Amino acid sequence: MITGQGIDRVDGRLKVTGRAPYAAEFAVPGLVHAVLVTSTVASGRIVRMDISGASAVRGVVAVLTPMNAPRLPQGGKAGVNPPAGRVLSLLQDDLVAYNRQPVAVVVADTLERAAQGARLVRVVYASGTAKLDFAAAKPNAFPPQRANREPTDHARGDVAAAVAQAATSVDVVYTTPVEHHNPMEPHATIAAWEGDKLTLHDATQNVGGVRTTLAKIFGIAPENVTVLDPYVGGGFGCKGSAWSHVALAALAAKAVGRPVKLVLERPQMFGPVGNRPHTEQSLGLAADGAGKLVAVRHATISETSTIEDWVETSSLPARHLYACANVLSSHRILKLDIATPTFTRAPGEASGNFALESAIDELAARAGIDPLELRLRNDAERDESKGRPYSSKSLRECYRVGAERFGWSRRAATPGARRDGRWLVGSGLATATYPANRSPAEALVRLLPDGSVVVASATHDLGTGTYTVMSQVAADALGVPIARIRFELGDSRLPKAPGAGGSQSAASVSPAVHAACKAMQKKVIELAIADPRSFAYRVDPEQLTVVDGWLRLASALPAGGRPIAAAGAGGEPIAAIVARNGGTPLETRAEAAPGAEREQYSMHGFGAVFAEVRVDAALGVVRVPRITAVYAIGTVLNEKLARSQMQGGIVWGMGMALFEESLRDGRDGRIVNANLAEYHVPVNADVAAIDVAFVAESDPHVNPLGVKGIGEIGITGVPAAIANAVYNATGKRIRDLPITLDKLL
Ligand code: MOS
């Protein structure tokens, strides 16, 4: 089996030699460049625009504004179906709903001229006082219709009565800031029309979703839209939706009759393409004298725009993570004059886990119980919110292995007790968890006359390793060396796959790839046994197998399964079967979809994150010398890539804990640190030892390959583990992320 092995990325060489083209790098003949002009106010109307200066710039071919842009069917609102299709700003009216909303598009023969033109567009706004104060808007918070796929609220038992009789309780409020995804590759689109057929090279996590949305916006058939994105330079949720610039690139291309390339400037990544919203989370936990939870209350308020209801589902994990008879979990949203938030790596789970896992630590401290011991005493055997067993749950094993690797037993229970010179040293723990999602997916397999194989599905590789793991799954399922397999993705014309969100790509697509490969094996065998020229003519198909690209008699194989000699009477290359079939490639397709097991079991990945921090006693600077994280995520398709994926999540968790915060100007709603110099993320100097391990877990229910997603669980747990370690080091409980030094002084 090559599945599971930590082989190098099959696209690694292309990546490091710069031959893997990103969306903006495709050479489309005759293309012109577009630059967005974005609003400088948070709300109001556009009264007047002066485009004379921009139009006069040499090389500028169009300046699209709400006054002159081509009209779209239904005012550009046809693609609206949140959260998959968003409420966009497509120059169809004069309304401004947030700062950095697109208000014009300047198109020129070069990028520099388009940028110069964009700087010369003058806009006059009628703008009142923007509503930007979260605290002031709180009385108007209201329940959204759904919390993602779950009900907005969940209640069981009687929380108030349980709290009244509890031995220990905590009742605290945590806050998390606005964060922006900032993948290295910014959002970028090249749009080209041929008649009413539209082709897009778009930086996206969802080629199928972009196709559907653009088809609706322009009132054309989905078959007329092709979306291509073979390589994505990071996504994290912001590329999960088609935002305004995608449709604006297509609109501009239509208007000028030439292909248009539109790349967002880095500051424009802080506005029209979503973000993690600010949350305020009220946590109440109560335990009996034995440290058993008797009440859990988690109430989240998050902000959204005036144009769309986005819900940050932070209160979901509290519904099931710990065993408890009395639970209240709720979500409320409030509307401000801000851009619509969106999915941001582990949306809801990342911010919610910070609050819940910090509160568990607070409860442990108050009860005088080791935080690991408290978690073990309250570990949920089944999902009590749904009354279902887990499809698999190896969290106890994660705690055990993690505690051992980290040396948890050496932690000092008393805060502030360990000191190394000027550094206060502390350790903290948090549980990681994320749902194991799955959606329907399709795949095709094409066996070519030279014996090589194309396997394809309209899935995505965000840098996560989809090309590699799908090639591994195909190689094993087909019995063909991985070097002979080419996996294709990122093309909306391929068999359909879900968007690369919710950590579901591997779990959804690998069963389809597996099934399509098994169908190909069957086809090859059927052709051989019906062919008098084949050694396998009239052989019982049960006696045949495909190994290393050869059809073999199973009896001719030694115990280890690999043939002794390459040729001989006992086999033939599967390429020979294609050749005898007239040289026409053989093709099979398969669809794989979740079934009733989704209603019978609760499906989640779990993990345990241990962090050590050092806090400068005089300056409040926090360093994280080491993190140990152990995960139970079902079958690991590629050990090396999975480790890399978790490390990436952990690094982002460090960013969430210590650095990341988008600062909004209270007057005009503008994010003022809209650049990578002032929006801080961890750099190499901030990241020290990260120890990642996986516990063996075989899950027969989650999908045929036992795969749970790993895209998002890595960020969960880390902020709380670090915050809890900071408490252990200093005795200071920071309930407001990020934990910057001013909060520790
Ligand atoms: Mo993930 S936030 O669903 O890309």
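Our subject is the structure listed above.
In this report, we go over the structure that sits alongside the text. (Residues numbered from 1 in each chain as written. Predicted model: local features only at pLDDT ≥ 70, side-chain atom pairs only at ≥ 80, totals over all residues. Heavy atoms only, no water.)

A short note on the sheet that holds strand E7 (residues 154-156)
Condition: By definition, two strands form a pair when at least two bridges between them are found by DSSP. Strands here are runs of E lasting at least two residues and helices are runs of H or I lasting at least four, both read from the DSSP assignment and numbered beginning at the N terminus. In this analysis an axis means a line fitted to C-alpha atoms, helices contributing only their contacting stretch, and an angle means the value between N-to-C directions, from 0 to 180 degrees. The criterion used for residue contact is that any of the two residues' heavy atoms lie within 4.5 Å.
The five strands lie next to each other as E7-E15-E14-E13-E8, forming an open sheet whose pairing is mixed. Where the open sheet ends on each side, the last strands, each with one partner, are E7 and strand E8 (168-176). Strand-to-strand, the axes of this sheet are offset by a mean angle of 15°, without reference to chain direction. Here strand E13 (residues 279-287) runs beside strand E14 (residues 293-304); their pairing, made up of nine bridges, is antiparallel. Considered in E14, the bridge of Thr279 is made with Ser302. Set on the sheet, helix H8 (residues 349-367) makes contact with E8, E13 and E14; between it and E8 the angle comes to about 150°.

Details of the side chain of Asp616
Put simply, the rule is: Buried means the residue's accessible area, taken with a 1.4 Å probe over protein chains only, is under 20% of the maximum for its type, while exposed means over 50%, and partly exposed covers the values in between.
With respect to the helices and strands, the residue Asp616 is situated in strand E27 (residues 604-616). Judged by relative accessible area, which is 2%, Asp616 ranks as buried.

Description of the packing of aromatic side chains
Heads up, the rule is: A pair of aromatic rings is counted whenever rings of Phe, Tyr or Trp (Trp by its six-membered ring) have centres within 6.5 Å, and the orientation is called stacked for planes under 30 degrees apart, edge-to-face for over 60 and tilted otherwise. For a lysine, the NZ atom is tested; for an arginine, the CZ atom; a charge sits over a ring if that atom is within 6 Å of the ring centre and within 35 degrees of the ring normal.
For the coordinates displayed, the defined rule picks out eleven aromatic pairs. Taking 4.9 Å as the distance between ring centres and 80° as the angle between the ring planes, the aromatic pair formed by Trp310 and Phe343 counts as edge-to-face. Placement of the pair is Trp310 in the loop between E14 and strand E15 (327-335) and Phe343 in the loop between E15 and H8, with a sequence separation of 33 residues. Take Phe343: its relative accessible area is 25%, and that puts it in the partly exposed class. Following the ring pairs from residue to residue traces out a cluster consisting of Phe406, Trp408 and Phe610. Lys254 extends its terminal NZ or CZ atom over the ring of Trp193, reaching a point 3.9 Å from the ring centre. Cation over ring: Arg276 sits above Trp652, and NZ or CZ is 6.0 Å from the ring centre.

A look at the packing of H8 against helix H16 (residues 718-730)
The condition is simple: By convention the crossing between two helices is left-handed if the near helix lies anticlockwise of the far one by an angle smaller than a right angle, and right-handed if it lies clockwise. Note that Gly is not counted as nonpolar here; it falls among the polar residues with everything else outside the nonpolar set of Ala, Val, Leu, Ile, Met, Phe, Trp, Tyr, Cys and Pro and the charged set of Asp, Glu, Lys and Arg.
In the contact formed by H8 and H16, the axes pass within 8 Å of each other and the chain directions differ by 30°. The crossing of H8 and H16 is right-handed. Listed contacts from H16 to Asn353, Phe354, Glu357, Ser358, Asp361 and Ala365 of H8 are Pro719, Ala720, Ala723, Asn724 and Tyr727. Here the residues of the contact of H8 with H16 are counted per class, giving six nonpolar, three polar and two charged.

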